[in-house]
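Structural characterization, general
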Amino acid sequence: MPSLSVEQRHALTGVVVANPVIGHVAAAFAEAGHDLHLVGGPVRDALMGRGVHDLDLTTDARPDAIEAVLKGLTKATWDMGREFGTIGAVVRVGDAEETVEVTTYRADSYDPASRKPTVSFGDSLVDDLVRRDFTVNAMALSVVSGAFADPHGGLADLEAGVLRTPSTPEVSFSDDPLRMMRAARFASQLGFTPAPEVVDAMTDMAERIDIISAERVRDELSRLLLSDAPRAGLDLLVRTGLADRVLPEVAALVREVDEHGRHKDIYQHTLTVLEQSIDLERERGRAPDLVGRLAAVFHDIGKPRTKKFEAGGKVSFHHHDVVGAKMTKKRLSDLRFSSDEVKAVAKLVELHLRFHGYADADWTDSAVRRYVRDAGDQLERLHILTRADCTTRNARKANRLRTAYEQLEWRIDALAEQEELDAMRPDLDGTQIMAILGVPPGPVVGRAYRFLLEKRLDDGPLGEDAAREALLAWWAAQCEA
């Protein structure tokens, strides 16, 4: 088992030295006769040279004793989950303030039929560490004595970039099946390669993920997609069968491989679109965007349901955008994403093909305005998704599509400058319509408003006088009809 290098020891002690709150809390626990360890992700990240943000602390003290120690330091304590052994507090030392969460050594496991863990407290750090998810998260640093604990070879696995479990994978994944999805997340987030036995257990136990709440699955999936390189983790979910349980529409894309080469590999295309959308996020100065990345993953899920063999051996997927949008709403709602996220992703899926009409024929200004209106506040995301959706190896075609979309964006920007396109409202509001027509609130006002909006889209801003004349002419025609 490798020991800490000088650089690694400095990295760990640097976390403690840089945070006076840790030393203050450690001294209080030592005075009360307890040890206190920094454990899990903070230890791993410090050893990897990554930034340490969350502090995971564990101790032999029971929850009541933890609370008593922390109350000696601050009045701002709370019960994070006493049954799970965790007490929280806000501790201030000089100008430094830190939210601290301290957990009793524990050994938790899942009832095979339950979503909730059962918890028993222990007195041994080693026993606590064996219940951790992966060996790279089963290392600890005593902030009281400075002792480093690595009973399961996490340091060696960290240096090798291998993801293993402290106990057997079967035991670890039975304790908490969500760890299988966490393995996929770490494959993307940290660049680790799961050990063969980990992959085998994920494959054999994939159905166990069904006992985990949709909210926990959603959160883990979101963290995976927001990593720098989600392709590896997403592909691991598919290969092990976990995606069949949590993202069945994406898993179904694998089965659409056409051995005759009549259409592209939809699954590999999807992964490439996801990667290209992330590249475009960075190029356009955007932060990692969950909605945009979900749209990349889901944009073609309607293809299996709309696949049709045409005359001459061609394959079509007519209306897969509309079908895919409905499927997207269902899946994301089942995963308990927010209604705003569901609507935004579904809209992007539904609109992702709209641009191809522009690439094939010149659009009028009216058509450009409708494109912007339909995209609404998702326009920038639609720009990214549409550009990322070009994965052709035909250089001439790729260049034509890229040039066409650049032209479309230029036209949108130019129209926006001329017309304040973002507002996209008629020249007259509802109150003005009622005054001009002499009608009360009701369906007529709505129809008149829609008429003026279409007029605005077709002809651009009219001004109030011209809009009034157009409205009166429309109203006269309505009355005659």
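For the structure itself, look to the data block above.
Described below are features of the structure shown in this document. The structure displayed is predicted, hence computed values, not measured ones.

**Concerning helix 20 (residues 365-375)**
Listed as buried for helix 20 are Ser366, Val368, Arg369, Tyr371, Val372 and Ala375. Just downstream of helix 20 lies Gly376, where phi reads positive at about 55 degrees.

**Digging into the pairing of strand 5 (residues 96-104)**
Taken together, the 4 bridges between strand 2 (residues 56-59) and strand 5 define a ladder with parallel strand orientation. Within strand 5, the position partnered with Thr58 by the bridge is Thr103. Two elements, strand 4 (residues 86-93) and strand 5, share 8 bridges in a ladder whose sense is antiparallel. The partner of Gly88 across the bridge, within strand 5, is Glu101. The hairpin formed by strand 4 and strand 5 contains 2 residues between the paired strands, and Gly94 there has a positive phi angle of roughly 60 degrees.

**Concerning the pattern of salt bridges**
Applying the stated criterion across every chain, the model contains 38 salt bridges. Its salt-bridge partner being Asp289, residue Arg286 comes within 3.6 Å of it at the nearest N-O pair. Given a relative accessible area of 28%, Arg286 falls into the partly exposed group. Its relative accessible area of 9% is what places Asp289 among the buried residues. Between Arg370 and Glu454 there is a salt bridge whose closest N-O contact spans 2.3 Å. You can see Arg370 sitting in helix 20 and its partner Glu454 sitting in helix 24 (residues 443-459), a full 84 residues away along the chain. Here the salt bridges do not stand alone but share partners, grouping Arg354, Arg370, Arg373, Asp374, Glu454 and Asp458 into one network.

**Topic: the sheet that holds strand 1 (residues 36-39)**
The sheet built from 7 strands is open, its strands ordered 3-4-5-2-1-8-9 with mixed pairing. In the strand order of this sheet, the two ends are held by strand 3 (77-81) and strand 9 (148-149), each with one partner. The pairing of strand 1 with strand 2 spans 3 bridges and is antiparallel. Considered in strand 2, the bridge of Leu38 is made with Leu57. This element, helix 2 (residues 20-31), spans strand 1, strand 2, strand 4 and strand 5 of the sheet and lies at about 45 degrees to strand 5. Packing of helix 4 (residues 63-71) onto the sheet brings it into contact with strand 2, strand 3, strand 4 and strand 5, and relative to strand 4 it is tilted by some 15 degrees.

**A short note on unusual backbone geometry**
Look at His319: it is not a glycine, yet its phi comes out positive at around 70 degrees. By the element assignment, His319 lies in the loop between strand 13 (315-316) and helix 17 (320-334). For His319, a relative accessible area of 59% gives the class exposed. One non-glycine residue, Arg336, adopts positive backbone phi at about 65 degrees. With respect to the helices and strands, the residue Arg336 is situated in the loop between helix 17 and helix 18 (339-351). Accessibility expressed as a relative area gives 45% for Arg336, which makes it partly exposed.

**Quick look at the side chain of Ser188**
With respect to the helices and strands, the residue Ser188 is situated in helix 8 (residues 178-189). One polar contact links the side chain of Ser188 to the main-chain amide nitrogen of Gly233, over a distance of 2.8 Å. If we ignore the near neighbours within four places in the chain, the residues touching Ser188 are Leu224, Ser227, Ala229, Pro230, Arg231, Ala232, Gly233 and Leu234.

The rules behind the values
- Residues numbered from 1 in each chain as written.
- Predicted model: local features only at pLDDT ≥ 70, side-chain atom pairs only at ≥ 80, totals over all residues.
- Heavy atoms only, no water.
- Buried < 20%, exposed > 50% of the residue type's maximum accessible area, 1.4 Å probe, protein only.
- Helix = DSSP H or I, 4+ residues; strand = E, 2+ residues; numbered from the N terminus.
- Pairing = 2+ DSSP bridges.
- Salt bridge = Lys/Arg side-chain N within 4 Å of Asp/Glu carboxyl O.
- Contact = heavy atoms within 4.5 Å.
- Axes fitted to C-alpha atoms, helices over the stretch in contact; angles between N-to-C directions.
- Polar contact = N/O pair within 3.5 Å; in protein donor to acceptor, adjacent residues only side chain to side chain.

Note that all results are geometric; they support no functional claim without further evidence.
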